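An overview of the molecular structure
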Amino acid sequence: MTFGERIALQRKQLKLSQDDLAKKVGTSAPIIGRYERGEIKPSIEMAKKIADELEVTVDYLIGGTANMVLDKKAPQKNGRYRGPAAGRKREGVLFYRYGHHLQQN
């Protein structure tokens, strides 16, 4: 699956239009469409904004991992997590990788 296909898939799962996503990340719907079709690639900064809004990691979007998505519904002991994106300070979020929870502290 390509970068653009992963953006489109996750965007649709979150029931966001291209316009909704574009407004959240500070660009236009036609640009999101071009990313999804693979016509252009976003900057690293834009890829991070898109990943954050789609609740996935940049690594997932670029195809580095198949199952690196955030699960806000998973229970947490203290609202903290450790893992590849530990620098992202979101309460109540767990990462899944290959179907398993990552280590929590």
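Preceding block: the structure.
Residues numbered from 1 in each chain as written. Predicted model: local features only at pLDDT ≥ 70, side-chain atom pairs only at ≥ 80, totals over all residues. Heavy atoms only, no water.

1. Things to note about unusual backbone geometry
The phi angle at Lys-15 is positive, at roughly 55°, despite the residue not being glycine. With respect to the secondary-structure elements, Lys-15 resides in the loop between α1 (3-13) and α2 (18-25). Judged by relative accessible area, which is 75%, Lys-15 ranks as exposed. You will see that Glu-55, though not glycine, has its phi angle at about 60°, which is positive. Looking at where Glu-55 falls in the secondary structure, it is placed in the loop between α4 (44-54) and α5 (58-62). The class of Glu-55 is partly exposed, set by a relative accessible area of 21%. (Helix = DSSP H or I, 4+ residues; strand = E, 2+ residues; numbered from the N terminus. Buried < 20%, exposed > 50% of the residue type's maximum accessible area, 1.4 Å probe, protein only.)

2. Some thoughts on the nonpolar core
By size, the foremost hydrophobic cluster in this structure holds 16 residues, and its most contacted members are Ile-7, Leu-21, Ile-32, Ile-50, Leu-54 and Leu-61. Listing elements by their share of this core, those giving two or more residues are α1, α2, α3 (29-37), α4 and α5. The dominant element in this core, judged by the number of residues it contributes, is α4, at five residues. Residues contacting Ile-50, with those up to four places away along its chain left out, are Ile-7, Leu-21, Val-25, Ile-32, Tyr-35 and Leu-61. (Core = buried A, V, L, I, M, F, W, Y, C linked by side-chain atoms within 4.5 Å. Contact = heavy atoms within 4.5 Å.)

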